[in-house]
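Residues per chain, in single letters:
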Amino acid sequence: MGVEDLEEMARECGLLGAGQSMSPELLAYTQAVVEQCASIADAYPPKETEESAAVHIRAMLPT
């Protein structure tokens, strides 16, 4: 998942118009929300997979 994917979701929610890009502030907010979700997932230990849900959620964030 990249910034373009996040921007498309923002467009679908009416936060961005066609052709608009996320401001640095909106991108930071989005990343903070995803990090909060990953923090919640930290409470759940991984089962028989190599990575926890929290690790997978964080890996989906654009860098």
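Residues numbered from 1 in each chain as written. Predicted model: local features only at pLDDT ≥ 70, side-chain atom pairs only at ≥ 80, totals over all residues. Heavy atoms only, no water.

As for helix α2 (residues 24-41)
At step 1: For α2, built from 18 residues, the straight-helix expectation of 26 Å at 1.5 Å per residue is met to within 8% by its first-to-last C-alpha distance of 26 Å.
At step 2: All of the buried residues in α2 are L26, L27, T30, A38 and A41. All buried residues of α2 lie within an arc of 120° about the axis, which places them on one face of the element. In this structure, α2 carries P24, E25, Y29 and I40 as exposed residues pointing more than 90 degrees from its buried face.
At step 3: Looking at the buried positions of α2, the neighbouring elements they touch are α1 (3-12) and α3 (53-59). (Helix = DSSP H or I, 4+ residues; strand = E, 2+ residues; numbered from the N terminus. Expected span 1.5 Å × (residues − 1). Buried < 20%, exposed > 50% of the residue type's maximum accessible area, 1.4 Å probe, protein only. Arc of directions from axis to C-beta. Contact = heavy atoms within 4.5 Å.)

Details of a nonpolar patch on the surface
At step 1: Residues M1, M9 and M60 make up a contiguous nonpolar surface patch of roughly 270 Å² in combined accessible area.
At step 2: Here M9 shows up in helix α1.
At step 3: Exposure remark for M9: the relative accessible area of 38% places this residue in the partly exposed category. (Patch = residues over 30% accessible without salt bridge, like charges linked within 9 Å, V, L, I, M, F, W, Y side chains within 5 Å. Areas by Shrake-Rupley, 256 points an atom, 1.4 Å probe, with all protein chains shown as cover. Salt bridge = Lys/Arg side-chain N within 4 Å of Asp/Glu carboxyl O.)

As for the pattern of salt bridges
At step 1: On inspection of all chains with the given rule, the structure shows 3 salt bridges.
At step 2: Note that E8 is salt-bridged to R11, the shortest N-O span being 3.5 Å. In this pair, E8 and R11 both sit in helix α1, 3 residues apart, roughly one turn of the helix.
At step 3: Three or more residues joined by partner-sharing salt bridges are found here, namely E35, D42 and R58.

Side note on α1
At step 1: All of the buried residues along α1 are L6, E7 and A10. For α1, the angular spread of the buried residues around the axis is 100°, confining them to a single face. Opposite the buried face of α1, at more than 90 degrees from it, the exposed residues are E4 and E12.
At step 2: Positioned one or two residues after α1, G14 has a phi angle of 85°, which is positive.

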